[in-house]
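Listed below are the residues making up each chain.
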Amino acid sequence: MSAIMVAPNRIAVTGMNARPDNPGPGLAVARCLREAKNYSGKIIGLGYESLDPGLHLPAYCDAGYLLPYPSSGDDAFLERIELIREREQIDSMIPCLDAELPIMTRLAAELEKMGVATFMPTSAQLELRSKDRLDELAGHAGTDAPKTKSVTEAGFFFNCGQQGWHYPFVVKGIFYDAEVVKSAEQGAAAFRRISAQWGLPVLVQEFLEGEEINLTAVGDGKGKMLGAVMMKKLAVTDKGKAWAGISIADERLFDASAALVAATQWKGPLEVEVMRTADGTYQLIEINPRFPAWIYLSAGAGRNLLEVLLQLMRNETPPEMEPAPAGVIYLRYAEDNIVPLADYESVIMHGWRVPVPEPENHKQ
Amino acid sequence: MTLDSIDEQVILPDPMALKRLAVSESGFVFDPVSGHSFTVNETGLVILHALQRDSRLNDIRELLSSDYDVDSQNLDRDLLEFLGSLSNQLEHP
């Protein structure tokens, strides 16, 4: 339990990358915050690249700051957060990317001392949802799980048949990315590409025929799942990311997710990914310890989960909520945003975009 | 094959799945569990509404033969085909 209780008024949100084929969740989280009935404070967008779109969108982020990559180490990360806190008086943070969660949970106490509150899973919970422990999680959820194995060398793909692995199967990064491979050559290439980007181990996972359904909610840290929104993808990008989706009401997905939250005492946002196979079995694919990129559907379906998260951060008790209604559709589109050169220059030179003060003669 | 020789429980779609369907008068049908949607024509709409009211197969045949000018052999064949397609949509969308 956090020693500080805050009434968040200046929230930093990470994950402001938003390329159309594979957007991070940050911008959608910021949009939900903007529309939250219980929040009228500032939103500070945090990203890793100067062209992360959320850094340049005043409609959703009052200011934008660059962060050092998590691989830069704890000191560099803390130093940057301290600078952002001094400049923007941030009082809380919502991490939105898988790769940030280990460093964020590790530094939660330091952040708290600094006056930056979070509401996220503990390191133990994070470890439990690790992709190589799916079997254990599926046991909690009462579902099956696809066979999964950690791999640390490319040679595996040339003799995997002897170990009972037959193509096609899926090669996945420990934090992110997945590719279906159909041969040893494809497998080894995917291994090299994914391990170079996300590190070792790389996971191989049984390929399942079926359709993926997802749930997002917030765990209260005491075993209760709040504000569930379930979704089925209607269209995907080349990278398999949802481009359009529809809210659904699947009792089995709801029950499995509620059981997971209860068993792990999950604290904070989560996304549960399940494959509903043609023979009617439910296979747990993954748990993401954050809101998904499609989180704006929660606001569209009348269950803005950022309102729930804010209530928990304020130590309020969110009201009981029925799952979101089925049949609400979201459809993504790409839009060009015009960025003043001065803003871009500021991000390049200083690592931040801050609002330009109004000229004196324009003030009342 | 005639409808008389078929077990109703085998040919009729799962009653629970039928009940949960959101059926619009335009013929647009949405399954809130699977998230799938499909369309039916005017006759399909009549059958679907009847199924949602727990009508028996014979009731549906009588309903259709009173509303449409069709011989019983063609009616049974079309009804059988429709029920098969509907079950398929619900079980393997």
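Residues numbered from 1 in each chain as written. Chains lettered and ligands numbered in written order. Predicted model: local features only at pLDDT ≥ 70, side-chain atom pairs only at ≥ 80, totals over all residues. Heavy atoms only, no water.

Undergrad: Is there a simple way to explain the interface of chain B and chain A in this structure?
TA: Often, the extent of an interface is quoted as the loss of accessible area upon association of its parts. On the chain A side, the residues contacting the 7 residues of chain B number 12 residues. When the two sides are added together, the surface that chain B and chain A hide from each other amounts to roughly 610 Å², 55% of it contributed by carbon and sulfur. Connecting chain B to chain A are 4 residue pairs in polar contact (both at pLDDT 80 or more). Split by residue class, the side of chain B that touches chain A holds 3 nonpolar, 4 polar and no charged. (Contact = heavy atoms within 4.5 Å. Buried area = accessible area lost by both parts, 1.4 Å probe. Polar contact = N/O pair within 3.5 Å; in protein donor to acceptor, adjacent residues only side chain to side chain. Nonpolar A, V, L, I, M, F, W, Y, C, P; charged D, E, K, R; others polar.)

Undergrad: Would you mind going over the domain arrangement of chain A with me for this structure?
TA: All names here are of chain A. Segmenting chain A into domains produces domain 1 (10-118 + 335-353), domain 2 (126-130 + 209-331) and domain 3 (147-206). Put simply, the middle of domain 1 and the middle of domain 2, counted by C-alpha atoms, are 23 Å apart. Listed by partner, the interface residues are 28 residues for domain 1 and 24 residues for domain 2. When domain 1 packs against domain 2, the two sides together hide about 2100 Å² of surface, and 65% of this comes from carbon and sulfur. The largest share of the area that domain 1 buries against domain 2 comes from Cys32, Asn38 and Asp98, three residues that together contribute 27% of it. Counting the contacts that link domain 1 with domain 2 gives 1 salt bridge. Across the salt bridge formed by Asp98 and Arg290, the nearest N and O atoms sit 2.5 Å from each other. There are 7 residue pairs in polar contact (both at pLDDT 80 or more) connecting domain 1 and domain 2. Among the elements of the structure, helix 1 (26-35), strand 4 (92-94) and helix 3 (101-106) are those that each provide at least two residues to the side of domain 1 that touches domain 2. Here the side of domain 1 that touches domain 2 is built from residues that sort into 17 nonpolar, 6 polar and 5 charged. (Domains from an automatic or database assignment. Salt bridge = Lys/Arg side-chain N within 4 Å of Asp/Glu carboxyl O. Helix = DSSP H or I, 4+ residues; strand = E, 2+ residues; numbered from the N terminus.)

Undergrad: I'm lost on helix 8 (residues 184-198) of chain A in this one. Help?
TA: In an α-helix, one turn spans 3.6 residues, which is why side chains three or four residues apart end up on the same side. All names here are of chain A. Its 15 residues give helix 8 an end-to-end C-alpha distance of 20 Å, which sits within 8% of 21 Å, the value for a rise of 1.5 Å per residue. Where helix 8 is concerned, the buried positions are Ala184, Gly187, Ala188, Ala190, Phe191, Ile194 and Ser195. Within helix 8, the buried residues cover an arc of 160° as seen down the axis, which keeps them to one side. Of the residues in helix 8, the exposed ones pointing more than 90 degrees away from the buried face are Glu185, Arg192, Ala196 and Gln197. Those residues of helix 8 that are buried are in contact with strand 5 (148-151), helix 7 (156-159), strand 6 (169-172), strand 7 (178-181) and strand 8 (202-206). Trailing helix 8 by a residue or two, Gly199 shows a phi angle of about 85°, which is positive. (Expected span 1.5 Å × (residues − 1). Buried < 20%, exposed > 50% of the residue type's maximum accessible area, 1.4 Å probe, protein only. Arc of directions from axis to C-beta.)

Undergrad: In this structure, what is going on with the layout of surface pockets? I would like to understand it.
TA: Empty pockets left among the atoms are what a rolling probe the size of a water molecule brings to light. Residues and elements named next belong to chain A. Here the second largest pocket defines a volume of roughly 970 Å³. What lines the second largest pocket is a set of 30 residues, and nearest its centre among them are Ala18, Leu27, Arg31, Arg332 and Tyr333. Residues of the lining of the second largest pocket, tallied by class, amount to 21 nonpolar, 4 polar and 5 charged. (1 Å grid on protein atoms, 1.4 Å probe; cavity = no way out; pocket = protein on both sides within 12 Å on 5 of 7 lines; lining within 4 Å. Points joined across faces, edges and corners; volume = space filled by probe spheres on them.)

Undergrad: Please explain the pairing of strand 2 (residues 42-47) of chain A as it appears in this structure.
TA: Each regular strand shows side chains that alternate between the opposite faces of the sheet. Residue and element names in this part refer to chain A. In terms of burial, strand 2 is largely enclosed, as 5 of its 6 residues are buried. Bridge count between strand 1 (residues 10-13) and strand 2: 4 bridges; the pairing is parallel. Within strand 2, the residue paired with Val13 across the bridge is Gly45. Handedness of the crossover is the feature at issue here: the chain leaves strand 1, passes through helix 1, returns alongside strand 2, and the resulting connection is right-handed. Pairing geometry for strand 2 and strand 3 (residues 63-66), over 4 bridges, is parallel. Considered in strand 3, the bridge of Gly47 is made with Leu66. (Pairing = 2+ DSSP bridges. Right-handed = clockwise from strand over helix to strand, strands pointing away.)

Undergrad: Explain empty space enclosed by the protein here, please?
TA: Residues and elements named next belong to chain A. Per the counting criterion, the structure on display carries 1 cavity of 30 Å³ or more. Looking at the lining of the largest cavity, the elements with two or more residues in it are strand 4 and helix 11 (305-313). Taken together, the residues of the lining of the largest cavity break down into 10 nonpolar, 1 polar and 1 charged. Looking at the lining of the largest cavity, you find at least three residues from each of domain 1 (10-118 + 335-353) and domain 2 (126-130 + 209-331).

Undergrad: What is the right way to read the packing of aromatic side chains from this model?
TA: Given two aromatic rings, one states the distance between the centres and the angle between the planes to describe the pair. Residues and elements named next belong to chain A. Counting across every chain of the model gives 8 aromatic pairs over all chains. Aromatic side chains Tyr65 and Trp352 sit 5.8 Å apart centroid to centroid with 45° between the ring planes, which places their arrangement in the tilted category. In this pair, Tyr65 sits in strand 3 while Trp352 sits in strand 15 (residues 352-353), placing the two residues 287 residues apart along the sequence. Of the two residues examined, Tyr65 and Trp352, each falls in the buried class. For the pair Phe156 and Phe157, a centre-to-centre distance of 5.3 Å together with 85° between the ring planes defines the contact as edge-to-face. When sorted by exposure, Phe156 lands in the same class as Phe157, which is buried. One aromatic cluster in this structure is built from Phe156, Phe157, Trp165, Tyr167, Phe169 and Phe191. Geometry around Tyr296 places Arg31 over its ring, the cationic atom sitting 3.7 Å from the centre. Just above the ring of Trp352 sits the side chain of Arg87; from NZ or CZ to the centre is 3.6 Å. (Phe/Tyr/Trp six-rings, centres within 6.5 Å; stacked < 30°, edge-to-face > 60°. Lys NZ or Arg CZ within 6 Å of the ring centre and 35° of its normal.)

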